[in-house]
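# Secondary and tertiary structure notes
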Number of protein chains: 4
Amino acid sequence: MKRATIVGATGFGGLGLIEILLRHPEFSIKQLIARKDVNIPVSNVFPHLKGLCDMRVDPAEKAGFDTDIAFFSTPDRAGMEIIDEYYKRNIPVIDFSGDFRFKTTQEYAAYATNKGIAENHLAPHVLSESVYGLPEKNRALLRTAKVAGNPGCFAITMILGLLPAMDEGIIESDIIICDGKTGVSGAGKNSGEANLYPQRYENISAYREGQHQHLVETENIINAKNNTDKKILFVPQIVPMTRGILVTIYADIKAGFDTKKIMGLYNDYYKGEPFVFITERSPGTADVRGSNRCLIKPIVDPRTGKLIVTAVTDNLVKGQSGNAVQTANIMMGFDETQALNTMALYP
Amino acid sequence: MKRATIVGATGFGGLGLIEILLRHPEFSIKQLIARKDVNIPVSNVFPHLKGLCDMRVDPAEKAGFDTDIAFFSTPDRAGMEIIDEYYKRNIPVIDFSGDFRFKTTQEYAAYATNKGIAENHLAPHVLSESVYGLPEKNRALLRTAKVAGNPGCFAITMILGLLPAMDEGIIESDIIICDGKTGVSGAGKNSGEANLYPQRYENISAYREGQHQHLVETENIINAKNNTDKKILFVPQIVPMTRGILVTIYADIKAGFDTKKIMGLYNDYYKGEPFVFITERSPGTADVRGSNRCLIKPIVDPRTGKLIVTAVTDNLVKGQSGNAVQTANIMMGFDETQALNTMALYP
Amino acid sequence: MKRATIVGATGFGGLGLIEILLRHPEFSIKQLIARKDVNIPVSNVFPHLKGLCDMRVDPAEKAGFDTDIAFFSTPDRAGMEIIDEYYKRNIPVIDFSGDFRFKTTQEYAAYATNKGIAENHLAPHVLSESVYGLPEKNRALLRTAKVAGNPGCFAITMILGLLPAMDEGIIESDIIICDGKTGVSGAGKNSGEANLYPQRYENISAYREGQHQHLVETENIINAKNNTDKKILFVPQIVPMTRGILVTIYADIKAGFDTKKIMGLYNDYYKGEPFVFITERSPGTADVRGSNRCLIKPIVDPRTGKLIVTAVTDNLVKGQSGNAVQTANIMMGFDETQALNTMALYP
Amino acid sequence: MKRATIVGATGFGGLGLIEILLRHPEFSIKQLIARKDVNIPVSNVFPHLKGLCDMRVDPAEKAGFDTDIAFFSTPDRAGMEIIDEYYKRNIPVIDFSGDFRFKTTQEYAAYATNKGIAENHLAPHVLSESVYGLPEKNRALLRTAKVAGNPGCFAITMILGLLPAMDEGIIESDIIICDGKTGVSGAGKNSGEANLYPQRYENISAYREGQHQHLVETENIINAKNNTDKKILFVPQIVPMTRGILVTIYADIKAGFDTKKIMGLYNDYYKGEPFVFITERSPGTADVRGSNRCLIKPIVDPRTGKLIVTAVTDNLVKGQSGNAVQTANIMMGFDETQALNTMALYP
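Keep in mind it's a predicted model, so treat the numbers as computed, not measured. In every chain, residue numbers begin from 1 and rise along the written sequence. The order in which chains are written sets their letters, starting at A; the order in which ligands are written sets their numbers, starting at 1. Totals for whole chains, interfaces and linings use all residues, but because this is a predicted model, local features are given only for residues with pLDDT of at least 70 and pairs of side-chain atoms are given and counted only at 80 or more. Hydrogens and water are ignored here; the side-chain numbers use all heavy atoms of the structure.

### Focus on the confidence of the model for chain A
Per-residue confidence from the predictor is given as pLDDT, running between 0 and 100. Summarising the model, chain A shows a mean pLDDT of 97, and 100% of its residues fall at 70 or more. For this predicted complex, the interface confidence comes out at an ipTM of 0.97, alongside a pTM of 0.98.

### Some thoughts on the packing of aromatic side chains
Ring pairs shown here join Phe, Tyr and Trp side chains whose ring centres sit within 6.5 Å, with only the six-membered ring taken for Trp; geometry is labelled stacked below 30 degrees between planes, edge-to-face above 60, and tilted in between. Applying the stated criterion across every chain yields a total of 42 aromatic pairs over all chains. Consider the rings of D:Phe154 and D:Phe234, whose centres lie 4.8 Å apart with planes at 70°: the pair is edge-to-face. Here D:Phe234 lies in strand β10 (residues 231-238) and D:Phe154 lies in helix α7 (residues 153-167), a separation of 80 residues in the sequence. Take D:Phe154 and D:Phe234: they sit in the same class, and that class is buried. Through a chain of ring-to-ring contacts, three or more aromatic side chains come together here, namely A:Tyr197, A:Tyr201, C:Tyr197 and C:Tyr201. Either the NZ atom of lysine or the CZ atom of arginine qualifies as a charge over a ring when it sits within 6 Å of the ring centre and within 35 degrees of the ring normal. We note A:Arg293 situated over the ring of A:Phe277; from NZ or CZ to the ring centre the distance is 4.2 Å. Directly above the ring of B:Tyr87 sits B:Lys146, whose terminal nitrogen or CZ lies 4.9 Å from the centroid. Only DSSP runs of H or I reaching four residues or more are called helices, and only runs of E reaching two or more are called strands; each is numbered from the N terminus. Here's how the labels work: a residue is buried when its accessible area is under 20% of the maximum for its type, exposed when over 50%, partly exposed in between, all with a 1.4 Å probe on protein chains only.

### Side note on the relation of the copies chain A and chain D
When chain A is brought onto chain D, the operation consists of a screw motion whose angular component is 180° and whose axial shift is 0.0 Å, with 0.0 Å RMSD remaining. Those values place the two copies in the arrangement expected of a two-fold rotation axis. Identified as the residue of chain A closest to the rotation axis by C-alpha distance is A:Pro240, at 3.2 Å. Residue contacts are counted whenever heavy atoms from the two residues lie within 4.5 Å of one another. Take the interface residues of chain A: 100% of them recur as interface residues in chain D, which is what a same-surface contact looks like. Least-squares superposition of the copies uses the C-alpha atoms of those residues scoring a pLDDT of at least 70 in each of them.

### Side note on the domain arrangement of chain A
Residue and element names in this part refer to chain A. By domain assignment, chain A separates into domain 1 (2-151 + 318-332) and domain 2 (154-315). Distance from the C-alpha centre of domain 1 to the C-alpha centre of domain 2: 24 Å. A buried area of about 2300 Å², summed over both sides, lies between domain 1 and domain 2, and 58% of it is on carbon and sulfur atoms. Together, Asn114, Lys137 and Lys318 form the three largest contributors to the area buried by domain 1 at its contact with domain 2, with a combined 29%. Basic side-chain nitrogens of Lys or Arg form a salt bridge, by our definition, when they fall within 4 Å of a carboxyl oxygen of Asp or Glu. The interface formed by domain 1 and domain 2 holds three salt bridges in total. Between Arg139 and Glu273 there is a salt bridge, with its nearest N and O atoms 2.7 Å apart. Start and end points for every domain follow an automatic or database-based domain assignment. Here the quantity called buried area is the accessible surface, traced with a 1.4 Å probe, that two parts lose on coming together, added over both.

Structure follows, in structure tokens:
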């Protein structure tokens, strides 16, 4: 039984970790740490946890380090401030923000600019050793990683939708269009007036068109294998629902590909992946609600010859805490699917 | 490993059973039976099951009987037509409709009248041996039961909210008011035009005021212990959500009870119950979303002296398939909480 | 053309007034006043107003008094601080808070206690002259009123549902049970974390059981005619929708009343009322979405003999700004229905 | 006062017409015709109409022709069967389906293929005289038109978003990508099991990727002015809401355009249009809920140089009945904005 510490335990990310780790046969939760709502049971913050997890939430200054892994479900720039305490003790860390998704400070600065936060990195020595926490791409590297940067929810969905085509080198466009739709929970547990029920119901709108902070990591990963320089044009949109991401991807591909062939290519690429599935039916976010799955439908439009890929995830599971535990399973040498093979909640 | 057959596998009730039985360590699903969508994998009907349950759905005429238990997740009057095949083979049955919730044909007829269906019962010999499938009341009887009638979703929520006060004999009103609110899924997987998204969003309305079919069983159970004759005045309402029931109960109680005392009484009554919890915070249906829990808040209004009880369940879990598996666990001699201790999906 | 000033123009109440007054043939909006979002066009705050109302929002200190009527769509205790400036100039005022719903400081104090605000009243001389702004009850008084207290949204729905039975003296219970359900917009434009989309979707929960602040005014008005002393036991609940209130009322009535007779009584009582309709069909909040109507269904339950009344309103229209304009129409001597005869937005 | 007949009065389209025509100062409703729910008041079908419109719904065989205009809010192929009765009497007709959106039978056949309906046209002589009912493009032609084909809801939103750029000839891509999102009401009043509340909540999914039936008319109109041959790659998606369409458009444009310049171009193009507005803020469907407006935000992404246009409409108003009345106003010589200048319902 390995001990896990959750820093940032009282947000949606921390809650997702608690839910998964409680049913995990090889992890026990050692400590919950947060900034707000401290010194009370976490089940006071999330009443549905009562009787299932009544651990006290500790303030940051009470953080202990007798743990086997730490999850930082913290906002940007919180993780880089505290990472050294864990790093020097050789405690593996998985960070949920953008702090450790990049190898260089320049990439971090580009991310930070899009996000509108400070651009300097406070732990560049760790940055160079961190691994992007995407099992489908970096499984081998993660086995020995000390620090993993858990992908952004939109990023992971775009990347999984694009990897087979990119890694096979069949995309011809220099610019790939990704049209994203997300539920409101992606904005976190206290995201302000714009996300109140009356403001969000019956409303869909775009934001940060072309400038979302997940662009940098997405371009990094999809271009990695063939050292290409494709750009993503990404427009995110908020939809009146709580969980779920759908990304619709448009790109030119090499001549000779039709839907059957591209389906074959995607199926081959993800063969054996436990959580990525190719589907001939148009996937909906309801198909992955509460689950760690990503469903992908790649087709070639016969009228225009363009590749169209739709990919869905639950932004709080495969887009966040589920993927983090999958990564943790790899880092600790567990079966990668431990505690993650639950089914979507439907309806 | 005991074998379970699900009759009516392609409705929401059948799906709920599949979900729970798949994670159950002592049950394996033996056969799925339905009337529609037959001879295809159940994962064609519910795509989120792909890779988790791809069993073929068999038509009724292919029903085999090499099974250790059968769940009838079927509409009213379907179960009573086929029960004998199971009964004579000594296969325990749990039926989801009103077919086996009563001990007498008269009670069934009263139920049937409210529901607007035929009043004659086709298997009265079984009726007399059936047990109302409410573990919190009939645990001992269920241990040896052959046939259990799984409670209605509204009924179980009203009953759990009322049992402590009724069994302690402290309710004075002859008529107890129950104001019910339910999500739309209670109406099933194909409930018609009135429940389309545009018709249901931003809409709450009452139906069958005072005449809902769950009245008979509710009055039966709450009056059982003290042989009382209290009536329930029940007004159900449909709310724009998918899962969840909230019942608000109003009654006069004996002098001398305040909130503290009634809380104590309810806590004592449900002490040790694995799925019923008393809470001082007003419970919401989000607290039990996807879980087998029932949360209850009993208070005494100081201005009027009335008892107010609010109780919440997920109508598809504790209100349906979760309670059925809990009952099955008892009937088979398993740990009662097997496969049911999962937590609510929040948010 | 009479000039109207809106104080508190940037909340949902102020917005509702702008919407109605813009289509009103006898009112023009003279000034918009608010505390936040000042010195910008109101269409920057509510973009859907662009081109329809681009007036600048003025801060309170720029309030002019060259106006024929003032609507205070302000929080509790804001109106009583500024009323004198209008009162001494003989400018009629309609206030949306609890400030002027009562005739005595004692009643106000009882209201304030339930609401959790200071209990002293700052303008008792005005209080005694104010009229409760319910046209269906106080039409005659409102014709000459200088100050009207616009009813609370739950209060007006309960009162309209109860008035016929109360004024006819046929209710026998000392305690009347009102079970209320409301959409989230009742909590205002910035109501905090509990009302964010992820927290509110798929969730219904009660709050302030038995202690809601609308109790005092409701009891006042329903008891007025026959000088009775009935109490209301009111449990409000929040439902995952934006607009709409449904109140379900339970009471004992005199012998000899059945559904037909009570329907007749209610129809007679509201004969000629332009916005209150009796319906044999169970009314839904969708029937009144965006309209100034109140639909009421009174029945007598044959099993228990109890009166059951369901009543629906749009909490932002008949429950707030629509009723305020109806009252203003009366106070100014206009046709009472001016600008209010629009139909519900359906679906 | 001109008399209007509504054929197909009991669907969402017919209801939208009733709502607008009731407040129209120059139209009176002469007759309501439908196939289902006939010989009863329309307010029995839509209870919120009670007291506002209680006209009887007549079956088709009782259609009279003493009317000044007819709206066919009917499914595909219904209008072409009955058009001659109106055509030979010189009664202007506005049809809501694809029946009269095209000038040639070939175009109709292409539309019909995408829609999966019969390809032969039953009234080709009328087809050649019909005008595509888009005031912003065909205002002059509509003044003398006898038959107008009311645009598809997705089509009108795409077209309005593209016209300025297309008519100015600044789009360079041969293929323009349109990613569409729609509320559920677009599927009509009785759209089947897939659109029940439990199936649609918390769910977004694509359908008919690249093959939606609105493609033909969209390509027709945008290519008309400069006789170009641009293709639209259109992927529609259903979002858990009732009303509203958001289309996100991606295209390459001529060098030298930045956001400021493209905003200027769009503003100039729609100068004077009463219902199309350019906005610097990302528009949401809530901004147009229940209104006849279309809001458009055109920008140029500095990273990729691509044009990104987001456009929103209410699919039931500017996307259907509102646009039809706007067209009718033009055909009858009325002020084009009559009865249409209402504001969005917000929140």
